[in-house]
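Notes for the structure review
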Protein chains: 2
Amino acid sequence: SVAAPAIAQSAPQVTWRMQSSFPNSLDTIFGTMETFARFVSEATDGNFTIQTFKPGDIVGGLQVLDAVSNGTIEAGHTPTYFYFGREPALGFGTGVPFGLNARQQHSWWHFGGGAEIINEVLAPMNAISLACGNSGAQMGGFFRREINSLADLKGLKFRIGGLGGQVMARLGVVPQQIAPGDIYPALERGTIDAVEFVGPYDDLKLGFHEVAKYYYAPGFWEGGAMLHAVFNLEAWNGLPKHYQAILRHAAEAANNWMLAKYDSVNPDALKELVSKGAELRYFPQDVMEAALSAANAYYEETAAQNEAFKRAWDSYRAFRDDALLWWPVNELAFDNFMARTRGRG
Amino acid sequence: SVAAPAIAQSAPQVTWRMQSSFPNSLDTIFGTMETFARFVSEATDGNFTIQTFKPGDIVGGLQVLDAVSNGTIEAGHTPTYFYFGREPALGFGTGVPFGLNARQQHSWWHFGGGAEIINEVLAPMNAISLACGNSGAQMGGFFRREINSLADLKGLKFRIGGLGGQVMARLGVVPQQIAPGDIYPALERGTIDAVEFVGPYDDLKLGFHEVAKYYYAPGFWEGGAMLHAVFNLEAWNGLPKHYQAILRHAAEAANNWMLAKYDSVNPDALKELVSKGAELRYFPQDVMEAALSAANAYYEETAAQNEAFKRAWDSYRAFRDDALLWWPVNELAFDNFMARTRGRG
């Protein structure tokens, strides 16, 4: 169903299938894919239809990129860091521990070389990606007991995936991989000690606060997690140029929809969590510092072994250093003053 | 040339004229309109052409909304707060002193009622607006002498426009309205004491650092200034629905282009300014606090007199209070840690 030939008519009928890596119960993340599909349909007067699917409908949630690569589906909605085990550089497409925030990640993607770097890695996999969504900084998750120092991490069974899990493992954490539907009972029984998921809006729905009291911030392994619309490269290349443009702009618009929706619903969810007994905590300074050192060690080790990772890391780190020179001068000076004087007006 | 009839063909030829309020020397701001026009052309296979113009080509930079309203041009690129003198509520479309940052403003616009509120105000002016660009937090500008306390603002001749100028006037500042091309000589001669413009990238080009040493942060009157694509309402209503969708998505994509471009070029410009002698300063706490009080007093007074302003302010303030409850818990905790540990990796 892929590899459509180049089409001469100005508004050809196209029907694609697109699967998300995330369950439709996560209405903001899953809704971003639905919004993207709706935008594409609206912009083509209904001529370009993208049928949306949830994990398991066609392939599993972690097989979205593979299914796109081999042409089982033309499109997927997934974060490239799900596939960093295959190509570590793909971590930077979404974000890495102590990485860029949402706005910085978007700037790196479009003006810092990010899109080119990630799409060079994806090309041999027969895929191409567009930025399509961001969660903003994620929360650190729910913990059954307080973390007062680095020592409290030793042996902690923490449901955390990907690169964040690898960094935490260097601090003594035992990372757990558990499907979303199985987290609550594991946390309730004490099979795991902690879980990180997304942010207040999604975390509230899963009810973790009922079985783990302490809600930690910040989720330093996901300071601004970018999602992607990924496409089979032959299917993409077979589109008329103006359909490619429509996909690009729809992805940018859907990207904003997701971040703006989270920013609008997270405050009320946080209030509700706190009203139901969640206690906010910050990770202790020694935990943050040790995790930063562990992350940097990981990046250096991986860059020494993997050329694509090194190219991505060099670009990303240089962008981050520049962004962090400018951010506190102005953006953070404004944000911090506003936070400090909240409620005055 | 406006009020085109509803068109039956699927890809009708449309040619519109669009003028910016900003000179083309500001390549990021002016470039946002050009990018928007290019995106629309690409998405319609060249069938929808938007010709772009700079201030003075058709009307003056501050007459863009009027020209759109009366159909002289179909489209404009301008911030709605340029017209707050006519309808104070239009200030919130762009942002107000001590308002929302760029991400919060975008969330308010799409999910907090912002777009509906602003477009209700624009409808009687025969216009409709889309979000189309954001500068991020702007700098406080260049000052010939240091501001060490509130007393130093008395009689200060400060080139600052709009609502920011009105707030500063309550602190003893004498706001000056000077066209961009005339600022440098006025600052050099001492006719004015200070100037605020945009941020490092644009400020550097105008050379203010050569004649005023102190570069202040943050520009608390513009914490995240949103720009708009504004359209003549009849011209907009005459478009096929899918062309309206294409304009909506192109505006979102151009919005991101502007913010991402600024975020990528401001750090180097800041370094260059500092290397050329600019000295960074923060506004003293008493100045910030007094300005906040003055701004809040202005909002309350205006809300008591103007129903549309009151509706906008009530919505905006409630959104801001919620956003500022959530922001420091996580987003700022992450950003501040990253700023503090810059250069470790």
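Residues numbered from 1 in each chain as written. Chains lettered and ligands numbered in written order. Predicted model: local features only at pLDDT ≥ 70, side-chain atom pairs only at ≥ 80, totals over all residues. Heavy atoms only, no water.

1. A word on the nonpolar core
Note on soluble globular proteins: their nonpolar side chains tend to be buried together. Of all hydrophobic cores here, the largest spans 68 residues; its most connected members are A:Ile29, A:Phe142, B:Ile29 and B:Phe142. Contact partners of A:Phe142, with chain neighbours within four places excluded, come to A:Asp193, A:Ala194, A:Val195, A:Asp203, A:Phe208, A:His209, A:Ala212, A:Tyr214, A:Tyr215, A:Leu273 and A:Ala278. (Core = buried A, V, L, I, M, F, W, Y, C linked by side-chain atoms within 4.5 Å. Buried < 20%, exposed > 50% of the residue type's maximum accessible area, 1.4 Å probe, protein only. Contact = heavy atoms within 4.5 Å.)

2. Some details on the confidence of the model for chain A
Here chain A averages 95 in pLDDT, while 97% of its residues score no lower than 70. Counting contacts from residues 1-8 of chain A, a segment whose pLDDT is below 50, to residues more than four positions away or on other chains yields 16 contacts. (pLDDT = per-residue confidence, 0-100.)

3. A few points about the packing of aromatic side chains
Summed over all chains, the structure comprises 62 aromatic pairs over all chains. Consider the rings of A:Phe92 and A:Tyr299, whose centres lie 6.4 Å apart with planes at 50 degrees: the pair is tilted. You can see A:Phe92 sitting in helix α3 (residues 91-94) and its partner A:Tyr299 sitting in helix α11 (residues 285-305), a full 207 residues away along the chain. Taking the centre distance of 5.8 Å and the plane angle of 80 degrees together, the rings of B:Phe158 and B:Trp221 count as edge-to-face. Here B:Phe158, found in strand β6 (residues 157-159), pairs with B:Trp221, found in the loop between β9 (214-217) and β10 (226-232); they are 63 residues apart in sequence, far enough to count as distant. There is no split in this pair, since B:Phe158 and B:Trp221 are both buried. Pairwise contacts between aromatic rings join A:Phe98, A:Phe143, A:Phe158, A:Tyr216, A:Phe220, A:Trp221, A:Phe283 and B:Phe337 into one cluster. Note that A:Arg17 overlies the ring of A:Phe53, its terminal NZ or CZ placed 5.9 Å from the centroid. (Phe/Tyr/Trp six-rings, centres within 6.5 Å; stacked < 30°, edge-to-face > 60°. Helix = DSSP H or I, 4+ residues; strand = E, 2+ residues; numbered from the N terminus. Lys NZ or Arg CZ within 6 Å of the ring centre and 35° of its normal.)

4. Points about the relation of the copies chain A and chain B
Turning chain A through 180 degrees and shifting it by 0.0 Å along the axis lays it on chain B, with an RMSD of 0.0 Å. In the structure described here, the two chain copies are related by an operation that fits a two-fold rotation axis. Nearest to the rotation axis, the C-alpha of A:His249 is located 2.7 Å from it, this being the minimum over chain A. Take the interface residues of chain A: 100% of them recur as interface residues in chain B, which is what a same-surface contact looks like. (Least-squares fit on C-alpha atoms with pLDDT ≥ 70 in both.)

5. Some details on the pattern of salt bridges
Counting across every chain of the model gives 40 salt bridges over all chains. For B:Asp263, the salt bridge identified is with A:Arg103, shortest N-O distance 2.8 Å. One end of the pair, B:Asp263, is in helix α10 (residues 241-275); the other, A:Arg103, is in helix α4 (residues 102-111), on a second chain. Across this residue pair, the class does not change: B:Asp263 and A:Arg103 are buried. Taking the shortest distance from any N to any O, the salt bridge between A:Lys310 and A:Asp314 comes out at 2.7 Å. In this pair, A:Lys310 and A:Asp314 both sit in helix α12 (residues 307-326), four residues apart, roughly one turn of the helix. Among the residues examined, A:Lys310 registers a relative accessible area of 33% and is labelled partly exposed. (Salt bridge = Lys/Arg side-chain N within 4 Å of Asp/Glu carboxyl O.)

6. What to know about helix α6 (residues 162-169) of chain A
Regarding α6(A), the residues found buried are A:Leu163, A:Gly164, A:Gly165, A:Val167 and A:Met168. Each element contacted by the buried residues of α6(A) is listed here: β6 (157-159), β7 (174-176) and α11 of chain A.

7. A closer look at the interface of chain A and chain B
Taken residue by residue, the interface counts 79 residues in chain A and 79 residues in chain B. With both chains or domains summed, chain A and chain B bury close to 7200 Å², and 64% of this area falls on carbon and sulfur atoms. Taken as a group, A:His249, A:Trp326 and A:Phe334 account for 10% of the area that chain A buries against chain B, more than any other trio of residues on that side. For the interface between chain A and chain B, the tally reads six salt bridges. For the interface between chain A and chain B, the tally reads 27 residue pairs in polar contact (both at pLDDT 80 or more). Element by element, the count of residues in the side of chain A that touches chain B is highest for helix α10 (residues 241-275) of chain A, at 20 residues. Classifying every residue of the side of chain A that touches chain B gives 39 nonpolar, 22 polar and 18 charged. (Buried area = accessible area lost by both parts, 1.4 Å probe. Polar contact = N/O pair within 3.5 Å; in protein donor to acceptor, adjacent residues only side chain to side chain. Nonpolar A, V, L, I, M, F, W, Y, C, P; charged D, E, K, R; others polar.)

8. Quick look at the sheet that holds strand β11 (residues 279-282) of chain B
Neighbouring strands of a sheet are bound in pairs by backbone hydrogen bonds; such pairs are parallel or else antiparallel. All names here are of chain B. A sheet is described by the order of its strands in space; here six strands give the open sequence β7-β6-β8-β5-β9-β11, paired in mixed fashion. For this open sheet the edge positions go to β7 (174-176) and β11, each flanked by a neighbour on one side alone. Looking at chain direction, β9 and β11 are connected through four bridges and run parallel. Note that in β11 the partner of tyrosine 215 across the bridge is leucine 280. (Pairing = 2+ DSSP bridges.)

9. What to know about the side chain of A:Thr28
Residues and elements named next belong to chain A. Along the chain, threonine 28 turns up in helix α1 (residues 27-43). Taking relative accessible area as the criterion, threonine 28 reaches 0% and is therefore assigned buried. Once you skip the residues sitting within four places of it in the chain, threonine 28 turns out to touch Tyr201, Trp257, Met258, Lys261 and Tyr262.

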